[in-house]
Number of protein chains: 2
Amino acid sequence: MDKTLIFGHKNPDTDTICSAIVYADLKRQLGVPVEAVRLGSLNPETEFVLDYFKVEAPRLVETVSNETKQVILVDHNERQQSANDIDQVQVVEVIDHHRIANFETSGPLYYRAEPVGCTATILLKLFKEKGVAIRKEIAGLMVSSIISDTLLLKSPTCTPEDEAAIKELAEIARVDIQDYGLQMLKAGANLRDKRIDELVNLDAKEFQMGNYKVMIAQVNAIDTSDVLDRQAELEASLKQIIADKGLDLFLFVVTDILNSDSVGVALGSVAGAVEKAYNVKLENNKALLKGVVSRKKQIVPIMTDTLANYQA
Amino acid sequence: MDKTLIFGHKNPDTDTICSAIVYADLKRQLGVPVEAVRLGSLNPETEFVLDYFKVEAPRLVETVSNETKQVILVDHNERQQSANDIDQVQVVEVIDHHRIANFETSGPLYYRAEPVGCTATILLKLFKEKGVAIRKEIAGLMVSSIISDTLLLKSPTCTPEDEAAIKELAEIARVDIQDYGLQMLKAGANLRDKRIDELVNLDAKEFQMGNYKVMIAQVNAIDTSDVLDRQAELEASLKQIIADKGLDLFLFVVTDILNSDSVGVALGSVAGAVEKAYNVKLENNKALLKGVVSRKKQIVPIMTDTLANYQA
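Residues numbered from 1 in each chain as written. Chains lettered and ligands numbered in written order. Predicted model: local features only at pLDDT ≥ 70, side-chain atom pairs only at ≥ 80, totals over all residues. Heavy atoms only, no water.

Caption draft 1: Expanded view of the overall build of chain A. Across its full length, chain A carries eleven helices and eleven strands. Here the C-alpha radius of gyration of chain A, 19 Å, is about what a compact globule of 312 residues would show, namely 20 Å. Once the C-alpha set of chain A is aligned to its principal axes, its extents read approximately 55 × 45 × 30 Å. Scored against the burial criterion, the 312 residues of chain A give a buried share of 62%. Intrachain contacts of chain A at a sequence separation of at least 6 include 66% that bridge at least 24 residues. For chain A, the exposed surface amounts to about 12500 Å²; the carbon and sulfur share of it is 46%. (Helix = DSSP H or I, 4+ residues; strand = E, 2+ residues; numbered from the N terminus. Rg over C-alpha atoms; globule rule 2.2 N^0.38 Å. Buried < 20%, exposed > 50% of the residue type's maximum accessible area, 1.4 Å probe, protein only. Contact = heavy atoms within 4.5 Å. Areas by Shrake-Rupley, 256 points an atom, 1.4 Å probe, with all protein chains shown as cover.)

Here it is in structure tokens:
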């Protein structure tokens, strides 16, 4: 039998990479032949995490149907965020914490989504339900996922379940949440040394919203000027992607992880929808999005609703 | 706060009605204000079940957005099988055991699907995970759901998890599975006294398959001639529904629950797809579908695949 491949979304972040590794670990302990893979390069935050806990990165793949018939998705379900040939394989399981959209199967499957801050919080439940103990380094990856997705428990996506989970897991991993968390976030938030073309792809996700094709990218910064000082170069890069992919909107969000605000740079034919959604004025194509730190909770739903009936 | 409404699919069967009642019972014990409702008339099998365990039927509703903003779906997710105004409310949870299709949310939700024979089997897990005890009559409804969906454990949809669940639940409900199960199935399988226009709607579900709009109805029979003796009247009724709903195919399946076979009556512009899917010849618009008893496992996936690239 072919191995079932387990993977998260394109432009992988820490939760997507770690959840693939963690769920593969659980499945193997249950006797299921699986392998964790990834659909893109590791970001610096995730590199820090894997290095810290001495865990090997999942193998990079371009396509999946050339090596398996069955896959398990973690941390995503929308097909445009998944493997390019996702329609050629059977999705047998999904473990996720996002909305469900652009996802369809021809037969029944195991689908476990919960409205929590992080996939790892759901995976902790699965370990418990199956009665499997969690090893130190696996717990470390799960702690890191929760820190990353909830910005050290400060994001509005963070739930009491995530808080309880990280406490339990930090004890197994033997890390101090605050101390380790700041180290980890800072490793990912030094943007000055990153090229603009790297930044725009670091954590970009594509969405179909009403009749519009939308890309929303987010980067975490200690100092937002690390990116915004290079706005002209940034806009050139966004325009190129808009043209290449036929996008109607590219919203590039720079999140200030210390002050919990974001600056949005919006380009494309329906950039005005950002003004309507947040009741702001785009000046020089950008606007402060006060208190916005979560793409999932504070950007995707409001942009989806705004674009449902939007006329440019 | 409005009550969250919990309901199963249109043309409700025993699992859909009982799962709404059972999950509402669990939610209320957890302190969540909910009410089970239903989207259609009870079938004779379900009437037998509610009568046997002395449980009141959920309230019949036409629409849901007039009384609540939030709903929980059990035993279905596809919007054409749900409330007519499902797009006007927020789906906060889904507990299901079917494929996922025509389902989309703007935000995260709790979604629990497992590839088991019956929603009740998943609900048993939820009671355990929450540490809530199951009362006798609630266990009785869950036993009935499993019997109904698995045709007394004989359907290929039945899994070891369903078998374990029904044993555990039958002890709480204090019923003999075989004895009670046959009584229950027979109560639903006496089709001679049913009018044709009742039979075609009893358990009909609509699907989008490729470019085609498909209705698949299934009835369980002790004696298939109870229906097939009235084929002319049946076809007139199917043709009327095809015209009214603009269907490309109506597949009406009469399942012989004693011999575990079915007869399919197929009408519509792509009725030929049934011949292709099962390698049979429709004679007088009908064909024996040897060993087919499960719409979910033996009809929907194969018809979906066949119609994906089908030319009439």
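Having seen it, we continue.
Caption draft 2: Local environment of the relation of the copies chain B and chain A. Of the transformation placing chain B onto chain A, the axial shift is 0.0 Å and the rotation is 180°, giving an RMSD of 0.0 Å. Those values place the two copies in the arrangement expected of a two-fold rotation axis. Residue Arg112 of chain B, judged by its C-alpha, is the member of chain B lying nearest the rotation axis, at 2.5 Å. A share of 100% of the interface residues of chain B reappears at the interface of chain A, consistent with the copies meeting face to face through the same patch. (Least-squares fit on C-alpha atoms with pLDDT ≥ 70 in both.)

Caption draft 3: Summary view of the pattern of salt bridges. Overall, the coordinates contain 38 salt bridges over all chains when judged by the stated rule. A salt bridge links Glu161 of chain A to Lys125 of chain A; the nearest nitrogen and oxygen atoms lie 2.7 Å apart. Of this pair, Glu161 of chain A sits in helix 5 (residues 160-173) while Lys125 of chain A sits in helix 3 (residues 119-130); the two residues are 36 residues apart in sequence, bridging distant segments of the chain. On the basis of relative accessible area, Glu161 of chain A is assigned to the partly exposed category, the value being 37%. Between Lys213 of chain B and Glu206 of chain B there is a salt bridge, with the nearest N and O atoms lying 4.0 Å from each other. Here Lys213 of chain B falls in the partly exposed class, since its relative accessible area comes to 29%. On the accessibility criterion, Glu206 of chain B (15% relative accessible area) is buried. (Salt bridge = Lys/Arg side-chain N within 4 Å of Asp/Glu carboxyl O.)

Caption draft 4: Spotlight on the packing of helix 4 (residues 136-150) of chain A against helix 5 of chain A. Residue and element names in this part refer to chain A. Running from N to C, helix 4 and helix 5 point in directions that differ by 145°, and their axes come no closer than 8 Å. For the pair helix 4 and helix 5, the sense of crossing is left-handed. The residues of helix 5 that touch helix 4, namely those facing Lys136, Ala139, Gly140, Met142, Val143, Ile146 and Ile147, are Asp162, Ala165, Ile166, Leu169, Ala170, Ile172 and Ala173. In terms of residue class, the contact of helix 4 with helix 5 is made up of eleven nonpolar, one polar and two charged. (Axes fitted to C-alpha atoms, helices over the stretch in contact; angles between N-to-C directions. Left-handed = near helix turned anticlockwise from the far one by under 90°. Nonpolar A, V, L, I, M, F, W, Y, C, P; charged D, E, K, R; others polar.)

Caption draft 5: Geometry of the sheet that holds strand 8 (residues 212-221) of chain B. Residue and element names in this part refer to chain B. Taken in spatial order, the five strands line up as 7-8-9-10-11 in an open sheet, and their pairing is mixed. Edge positions in the sheet fall to strand 7 (204-209) and strand 11 (286-289), since each of these pairs with one other strand and no more. When strand polarity is set aside, the average angle formed by the axes of neighbouring strands in this sheet is 25°. Bridge count between strand 7 and strand 8: six bridges; the pairing is antiparallel. The residue bridging Met209 from the neighbouring strand is Tyr212, located in strand 8. The sheet strands contacting helix 9 (residues 231-245) are strand 7, strand 8, strand 9 (249-256), strand 10 (261-267) and strand 11, and the helix crosses strand 10 at an angle near 55°. (Pairing = 2+ DSSP bridges.)

Caption draft 6: Region of interest: the UniProt feature "binding site: Mn(2+) 2" (unreviewed entry) in chain A. All names here are of chain A. On the UniProt side, "binding site: Mn(2+) 2" (unreviewed entry) is annotated at positions that read Asp15, Asp75, His97 and Asp149 here. In summary, the annotated positions, though distributed over 135 residues, converge in three dimensions, the widest C-alpha pair being only 10.8 Å. Checked against the element boundaries, His97 lands in the loop between strand 5 (90-96) and strand 6 (110-113). Judged by its relative accessible area of 2%, His97 falls in the buried class. Among the polar contacts listed, one links the side chain of His97 to the side chain of Asp15, at a separation of 3.4 Å. Relative to the elements of secondary structure, Asp149 occurs in helix 4. Residue class for Asp149 comes out buried when judged on its relative accessible area of 18%. (UniProt positions renumbered as here; feature names shortened; annotations may be inferred. Polar contact = N/O pair within 3.5 Å; in protein donor to acceptor, adjacent residues only side chain to side chain.)

Caption draft 7: Spatial organisation of the interface of chain B and chain A. Taken together, the 25 residues of chain B in the interface contact 25 residues of chain A. Summing the contributions of chain B and of chain A, the shared interface buries around 2100 Å²; its carbon and sulfur component is 58%. Ranking the residues of chain B by area buried against chain A places Ile100, Ser106 and Pro108 of chain B at the top, with a combined share of 28%. Our count for the contact surface shared by chain B and chain A stands at zero salt bridges. Between the two partners, chain B and chain A, sit four residue pairs in polar contact (both at pLDDT 80 or more). Considering only residue class, the side of chain B that touches chain A consists of eleven nonpolar, seven polar and seven charged. Bridging between strand 6 of chain A and strand 6 (residues 110-113) of chain B involves three bridges; their strand directions are antiparallel. (Buried area = accessible area lost by both parts, 1.4 Å probe.)

Caption draft 8: Geometry of the layout of surface pockets. For the second largest pocket, the calculated volume is near 780 Å³. Lining the second largest pocket are 26 residues, with Arg79, Asp87, Glu104, Thr105 and Ser106 of chain B sitting closest to its centre. For the lining of the second largest pocket, the secondary-structure elements that each account for two or more residues are strand 7 (204-209) and helix 11 (295-308) of chain A together with strand 5 (90-96) of chain B. Here the lining of the second largest pocket takes three residues from helix 11 of chain A, the largest share from any one element. Looking at the lining of the second largest pocket residue by residue, the classes come out as nine nonpolar, ten polar and seven charged. (1 Å grid on protein atoms, 1.4 Å probe; cavity = no way out; pocket = protein on both sides within 12 Å on 5 of 7 lines; lining within 4 Å. Points joined across faces, edges and corners; volume = space filled by probe spheres on them.)

Caption draft 9: Geometry of the packing of aromatic side chains. Scanning the entire structure with this criterion turns up 13 aromatic pairs over all chains. Here the aromatic rings of Phe48 of chain A and Tyr180 of chain A are separated by 6.0 Å at their centres, their planes lie at 35°, and the arrangement is tilted. In this pair, Phe48 of chain A is assigned in helix 2 (residues 44-52) and Tyr180 of chain A in helix 6 (residues 177-189), connecting sequence segments 132 residues apart. With a centroid separation of 5.6 Å and an interplanar angle of 65°, the aromatic rings of Phe53 of chain B and Tyr180 of chain B are classed as edge-to-face. Placement of the pair is Phe53 of chain B in the loop between helix 2 (44-52) and strand 3 (59-60) and Tyr180 of chain B in helix 6 (residues 177-189), with a sequence separation of 127 residues. Tyr180 of chain B matches Phe53 of chain B in its accessibility class, with the two residues each being buried. Ring pairing ties together the aromatic residues Phe48, Tyr52, Phe53 and Tyr180 of chain A, which thus form one cluster. (Phe/Tyr/Trp six-rings, centres within 6.5 Å; stacked < 30°, edge-to-face > 60°.)

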